[in-house]
Amino acid sequence: MAHLHIKNLQAGYGKKLILDNINLTVEQGEMIALLGPSGCGKTTLLNALCGFVPVRHGEIFAGNRAVSQLPAEKRNITMVFQSYALWPHMTVAQNIGYGLKVQKAKRADIDARVAELLRIVKLDGLEHEKVTALSGGQRQRVALARALAIRPDVLVLDEPLSNLDAKVRLSVRHEIKALQKQLGFTSLIVTHDQEEALVMADRIAVLNQGKIEQIGTPEEIYHHPSTPFVADFMGAENHIEWPIHDDAFSLNLSNHDDQLDIYFRSESAVLSAQPKSESTDFNAGLIISGHVEQSVFFGNNYQISVRCGKHTIQADHNQNLPEHTPVTLRIPIDALHVFAKKEKHSDHQKTNIVSAKSMRMNHVC
Amino acid sequence: MAHLHIKNLQAGYGKKLILDNINLTVEQGEMIALLGPSGCGKTTLLNALCGFVPVRHGEIFAGNRAVSQLPAEKRNITMVFQSYALWPHMTVAQNIGYGLKVQKAKRADIDARVAELLRIVKLDGLEHEKVTALSGGQRQRVALARALAIRPDVLVLDEPLSNLDAKVRLSVRHEIKALQKQLGFTSLIVTHDQEEALVMADRIAVLNQGKIEQIGTPEEIYHHPSTPFVADFMGAENHIEWPIHDDAFSLNLSNHDDQLDIYFRSESAVLSAQPKSESTDFNAGLIISGHVEQSVFFGNNYQISVRCGKHTIQADHNQNLPEHTPVTLRIPIDALHVFAKKEKHSDHQKTNIVSAKSMRMNHVC
Amino acid sequence: MRQTTSPNQLKNHLWLIAPAALMVGIFFLYPLCFSLYSAITLDSGEFTLAHLNKAFELYSKDILFTIIIVLISVAILAVLSITIAALITLSPFRSLSKTLGFLYRLPLFIPFIVTAQMMRTFLAKNGLMNNAFVASGLLTPMDTVSFLGWSGIIITFVWKQLAFSTLLISGAMAALDDSQIRAARNLGASRFRILFQIILPQIVPTLGVAMVLSIVTMMSVLSVPLMIGTGSPTMMTADMAFRINSYGDYHVANALGLVSYCICAGLAWFYLRQNLKEKGAN
Amino acid sequence: ETTLNVASAGSQNMVDYVKTYLAPKFEATHPGVKVNVVGTGPGDAGSHKIMEKLSAQNDSGLAKWDIDVAVVHQQIGGELVKNGLLSKYRSDINTGKMVSRDSATNALGIDVNGYVMPMFHSQTAIAYNSDFVENPPKSYDELVKWTQQHPKSFGYNGIKNGMSGVSFVTGWIYAYGTEANKLSSMPYDKSVESSWDNAFAQLKEFNKNITFTPGNAGTLDMLNRGEIFMGPVWVDMFYSWKEQGKIPPSLKLSLIAPGMPGQPMYYVTPTKAEHPQLAREFIELATSPEVQADGIVKQFNWYPGIDANYVKAKLDNATWEKLFAEITPSDLSKYGKSFPIGPYFDDIKEGYERNVSN
Amino acid sequence: MIYSLNSNLLKTLNIRSLRISFWLQCVFILLLALAIFGPIMNLLIWTVTESWYFPHALPSQWGFKYWQQVFNPYSDVSGSLFTSLLIAVLTVVVCLIVSVPAGYALSKRSMPLRVFWMLLFLIPQAFPNLTVYMNIARLFYDFGLNGTLLGVILVHSVHGLMFSIWISVAAFSSTDPMLERASRNLGAGPFYTFFHIVLPQAAPGLIASCIFVFLESLDEFTGTFFVGSPNISTLPLLLYTASMEGNYQIASITALILLVPSILFMIIINKFMRPDMLSKLGK
Ligand SMILES: Nc1ncnc2c1ncn2[C@@H]1O[C@H](COP(=O)(O)OP(=O)(O)OP(=O)(O)O)[C@@H](O)[C@H]1O
Ligand SMILES: Nc1ncnc2c1ncn2[C@@H]1O[C@H](COP(=O)(O)OP(=O)(O)OP(=O)(O)O)[C@@H](O)[C@H]1O
Ligand SMILES: [Mg+2]
Ligand SMILES: [Mg+2]
């Protein structure tokens, strides 16, 4: 096990540059989640690490070895493929033991290690099954065991859960995390599911269009997104652009003459059925009045769409409300993600309005 | 548009019986979600409706027509396929207009209808693209438009969202729902994602091993599951079997000499950091004491794994807790789903301990 | 998604095969019966094994020769087409594999008889090949050897069939999931290992089809042994032609045909058995 | 318009001859008739296809067959007669009485009198490269010695790849087995075969010192390419190739003692030819002294099919001399043999397969 | 520092090993190219050879004499070429007509006796057909098919059926059955669906199968002779005659002429000849 260090990485296909200037360090034993929308280059990054996409520029270090010019088979960065990529002509044990066989390990050692891994991934007794006879979750675990068998320096996982169904996904998610803690391998996991990233990772890197937008702990990323993109991607689905010339909205920030982008989550909007009172609330940064447009049962609560002028705002509420009920939404100041209005596309600056907490965050590396 | 009525349906492959005695009525303009684990027969049911799997027994009525013996092309029950099944050699417009072309509609009428649908699914301007050039979400909408173009009696959708990524999924989900309200078609949507079912459907049918376990409104299904399977499937991930001979657990029900299966959600467990006090709480049906095993950041809250004897109970909490903190969990009586211990595998009886509310639920049809 | 079938559909399917089956039946199987019949009967119509005996007595060496030639050709063919297909799929140098992909297909478009004709003048002792070697100083005129004969037959078969079998095999390799190969490299396997342990085991069925079809083709070619082969032993097709042309003896010729068919069928059966076994395992 | 179908076995030269020389001549005298010439391939195989086609038509009982005139090899000519596929026509045409060779009446022991007209006569002989072989062998014995001194320099094509090799083997049997006259005439005696064991054994020994060639043309080709310096060839083919410049002028012919067989090509007409009368007229034209002289001898240097005296009269001396430039008339008459009768011929071939090549 | 040193060393090592394999592969390709082009070169040389004696390494006299001979008004090469092409194209058509439905049916795994049917179509190639053609000819005389184009086309089609069926089975198996369902679901009958959905999907594979049938037909002469002559004369027949009697120039020229349609066909069709079209063979 060793740490992984990516320096100024550039990679792409043909003339297309997909990854630009990626800097990322994964500490020994750490698990970092790469989060990002489809097509942002997550798989490309893993492929560059493993040697399936040539590195244009920059360097990759696994432990102390510079690996970016090594062929794939020499890198000792092992991948768990999204589609598992198990070999259908081999049994479970053969699949798992393959990497060791390649290293010309002794038969007995291989068997011992395979048995150990089968135990770890809880597949004891299935070693002689053909992998085609396994269910999705079982295959996933075989793929994991196969990657772990050779004790790689670094383990990278490409959306290991996206092919699984909801229940199985939960259990495999727990298993991977538990194994990672137990065995302590350095790992990089790709996902486009924010919940998955939050639950599994020690730190999260949010990727957008081939660039890392933010790196930080799950809490940082969730509560203090550093760009509108991250805010939006992390589930702050309500977005308003300030100033709005509409009485329904009132913003309670120190300075609001700026052009602002404001994001917040439906769950942080506190909804009350009485109309807007002028009492400036304790810490309500944004107060919006409107009326219920739709109310949808969401399990433990209802998601209420509130119509406020031209905007539809989503808010969670613990009970159903009939349509057209007039309501007031209060969003606490520290639940608002406020950004200076983007003028150039590539350059978002978080305004200094929002508390000093946001200062804590900066790009690692 | 017409209602769909399924009576005593049996279907299967070869000798295997997959669906047994399915009874289901979808009212005109209603949307029912079929929810169930992988392999329970959801796709098979849709296939039987559409005529791709022969009906062994029973009858299907679409409107007033008995359709179960008609060939697929005569049924006018249109399907949106899980994999879209768009025709790669046709453009978007040709895909959408195909059904009308089959009906020998006039060129101009087809064009008009295609244009209308493109507008509805917000794909204006893409009519001459090859479908292979579209993104996943766009393809999904083409598939939907194609199915709607012929104004089917009934629309069935097979996991229309499972191939989409999280953000796109949300927006397509809203679109389908909005279209359904707007156009008022009768529909049956298959999913294995409970949230999706809750949000989209007027009623939900939970399928397990080829049988309908429960039918009801989202609220009924969520709050009053009628079998342990439904409770578990709807996210009540904590399960204990009563009696437990362990002081850490105390159950506060009228009679508890019975053998019971108890399910509850992590979000309904109220966690307090002070140790168990003997004051019998207002309505706490179950009180559990234990200590924190793990605490995972989950976005708007933390999921705490609490170790209580041999059990690990998940509970939501608004703040992080260090490991080994002793805690007490209180679960209100109406958040407990209590079932008489299953003695025969197939026969669950909800005990009459739990309030009369549960009596409201019974299998529709 | 697996298919579902109702009895109704089955009937449809049989009906769909009917034209092709009838065509083969009437225009090949039926006349074939006469041949088979003639192989095991006397002129008077009595059953006899005499023709088969004679075929073995006179031509056992040729039968053996034929089998050996065909097997050697097929072995070389397999090795070469696997090599080429593997280079096309695995080579890190895209331009090389593209060149190769174009190159190997050329012989596909050259009929057997043209191939035989070309090879006959190419492989001869003073043919273009040896001349080229001599001109380039690799050989002296004294060292040149003629490849006409068994080696020429093999070379010609391989040359001609290479395109066909490589096309099938590289098709099968292309259809393999790329990530399976990546997974193996990722675990440290060299390209050779990947070829032998990951790719080949999975393309065995296609390799089988390619080889069976090639064997069948080679067993039935007459022009090559006639034009390239010299002296004896020779291929069975040449014997059959000789039997007919020289003696007007259809019985023994047909007996030889029967033997040849049995060899083909035997090899095809060998393949099918393997294939079915694998199917059964899954 | 009527079409006269002519099927010709043998080399493309022959087909071309019929197509480009005979057919226009015939069409000129028969307005409204078109001659359609098909080549069926060189060697016995070509003749055999003709026979198979005719028997197929015979078997299915057609009233009219699709070949009017065929050019076939001697052996097949005999078999065609035996199978009753030919009509007897020689007496119907004027040139019928101009034939003098024995082969016009007897094809490997089968009486073909009246059914066939020879197109031309051909002969096998040993071709050698005079640049490298100064004193060509004059007999089989000398040839054997020569091959011992020059291993692999003599080549022939076995017996499966064409008739020149078969001729050579037949000549071998004439030399070391049974003399030609006995084998070329009836009656057949099965026991004769047993006396050839020694001859075959020697031949097997002989084969070790030689190169096998791929076919009649293959022998000529290898001679041309300098891969062998000597080998048995068909004289007609030899001359055609030489004429076309496909073999060097240094190649010469020698007919060795005790003799090698030759054979004619036959013009025949099937029993149920669609145009029997036209067929007869066509053959008449083709065997007329003028055509034989101008077409067969002058153009191709082939030995004429009809009696030489009729032909010689139509030719200038120089042309006639050229015909015998390499093989003198006396050699030809001394060493030009016929093939043995069918059963012996089969015995020789099977004996070879059994004792030499097996 | 250690990093960069290390990486430089590794880079050179690595590049060297890559280089070796690069050159090895180049050599292999070169050898293959020589092996493939050598005989073809030889063929080309023979077409313009007038005489080529020992010990000349190259022809001693070059020229187009034999081209004139081939194209002389009597030899009817262009006629034969046309006939050959006509037959080849019609054979492709016949094969397509029968093998499209059969291939479609056989692509369904549920087809009873699938292996049996597949083997059945192997037989015409598997049995040495020299002896069978005689019987076919006899049969065709009975039917009155002898000497007709139809007869020759039938014989060629039977021969080509192996390729067309085996490959179209592969083509149809690789189409997505869901697409078919989607069409039925929208009210299209089985035939409409087949022609509008399935066939366009399978087209590339079907076209690939055409190549093999086309080539098979151009290669075939024994059957043509038995069934076609004297009325039908094809180029391979001429080629065969010329080649067997050692008339290399004529044979080479004829071969070259024969190559023209093949290569044209290839160019037209090359884009459909993706190897992966054939990948389902044997599955
Ligand atoms: N082989 C390729 N050739 C050219 N472009 C490619 C190739 N593979 C991917 N791309 C492009 O590179 C970009 C990044 O692709 P990548 O697969 O890394 O995305 P991703 O983040 O993994 O997305 P997803 O979540 O959908 O897997 C995309 O725009 C894609 O179109
Ligand atoms: N063509 C088939 N032949 C035989 N069995 C089948 C076939 N298709 C499905 N099955 C079986 O029928 C059962 C139900 O399958 P079905 O596809 O209806 O499940 P599902 O509920 O749609 O699951 P998923 O959520 O995974 O799509 C499964 O056990 C499956 O193995
Ligand atoms: Mg990806
Ligand atoms: Mg399904």
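Just so we're clear, the structure is a prediction, and the values are computed from it rather than from any experiment. (Residues numbered from 1 in each chain as written. Chains lettered and ligands numbered in written order. Predicted model: local features only at pLDDT ≥ 70, side-chain atom pairs only at ≥ 80, totals over all residues. Heavy atoms only, no water.)

What to know about the domain arrangement of chain A
Residue and element names in this part refer to chain A.
Stage number 1. In terms of domain boundaries, chain A breaks down into domain 1 (2-227) and domain 2 (231-358).
Stage number 2. Domain 1 puts 13 residues into the contact, and the matching count from domain 2 is 11 residues.
Stage number 3. The contact between domain 1 and domain 2 buries some 1200 Å² in all, and 63% of this surface belongs to carbon and sulfur atoms.
Stage number 4. Linking domain 1 to domain 2 there are 0 salt bridges.
Stage number 5. Taken together, the connections running from domain 1 to domain 2 amount to 4 residue pairs in polar contact (both at pLDDT 80 or more).
Stage number 6. Elements with a contribution of two residues or more to the side of domain 1 that touches domain 2: helix 6 (194-200) and helix 7 (218-223). (Domains from an automatic or database assignment. Contact = heavy atoms within 4.5 Å. Buried area = accessible area lost by both parts, 1.4 Å probe. Salt bridge = Lys/Arg side-chain N within 4 Å of Asp/Glu carboxyl O. Polar contact = N/O pair within 3.5 Å; in protein donor to acceptor, adjacent residues only side chain to side chain. Helix = DSSP H or I, 4+ residues; strand = E, 2+ residues; numbered from the N terminus.)

Topic: the site of ligand 1
All names here are of chain A.
Stage number 1. Around ligand 1 sit Y13, K16, I18, S38, G39, C40, G41, K42, T43, T44, E159 and H192, and that is every residue in its neighbourhood.
Stage number 2. Taking G41, its main chain carries an N or O atom lying 2.9 Å from an oxygen atom of ligand 1.
Stage number 3. Side-chain polar atom of T43 to an oxygen atom of ligand 1: 2.5 Å apart, as the coordinates give it.
Stage number 4. Taken together, the elements giving at least two residues each to the shell around ligand 1 come down to strand 2 (16-26) and helix 1 (42-50).
Stage number 5. No other element matches the 3 residues that helix 1 contributes to the shell around ligand 1.
Stage number 6. Tallied by class, residues from the shell around ligand 1 come to 3 nonpolar, 6 polar and 3 charged. (Near = heavy atom within 4 Å. Nonpolar A, V, L, I, M, F, W, Y, C, P; charged D, E, K, R; others polar.)

Re the interface of chain E and chain B
Stage number 1. Contacts between the two partners involve 18 residues from chain E and, on the opposite side, 24 residues from chain B.
Stage number 2. Taken together, the two surfaces of chain E and chain B that pack against each other cover about 1800 Å², and 61% of this comes from carbon and sulfur.
Stage number 3. The three residues of chain E that bury the most area against chain B are R181, N185 and L186 of chain E, which together make up 39% of that side's buried surface.
Stage number 4. Applying the counting criterion to the chain E and chain B interface returns 1 salt bridge.
Stage number 5. For E73 of chain B, the salt bridge is made with R184 of chain E, and the minimal N-O distance between the two is 2.7 Å.
Stage number 6. At the junction of chain E with chain B, the criterion picks out 8 residue pairs in polar contact (both at pLDDT 80 or more).
Stage number 7. When contributions to the side of chain E that touches chain B are tallied by element, the ones reaching two or more residues are helix 8 (177-185) and helix 9 (190-219) of chain E.
Stage number 8. Tallied by class, the residues present in the side of chain E that touches chain B amount to 9 nonpolar, 7 polar and 2 charged.

Here we look at the sheet that holds strand 11 (residues 238-242) of chain A
All names here are of chain A.
Stage number 1. An order of 11-13-19 is seen for the 3 strands of this open sheet, with the pairing classed as antiparallel. Each of the sheet's edge strands pairs with one partner strand only, and the pair in question is strand 11 and strand 19 (337-340). Taking each pair of neighbouring strands and ignoring which way they run, the sheet shows an average axis angle of 20 degrees.
Stage number 2. Two strands pair when backbone bridges link them, and strand 13 (residues 260-264) and strand 19 are joined in this way by 4 bridges, in the antiparallel orientation. Looking at the pairing, I262 lines up with V338 of strand 19. (Pairing = 2+ DSSP bridges. Axes fitted to C-alpha atoms, helices over the stretch in contact; angles between N-to-C directions.)

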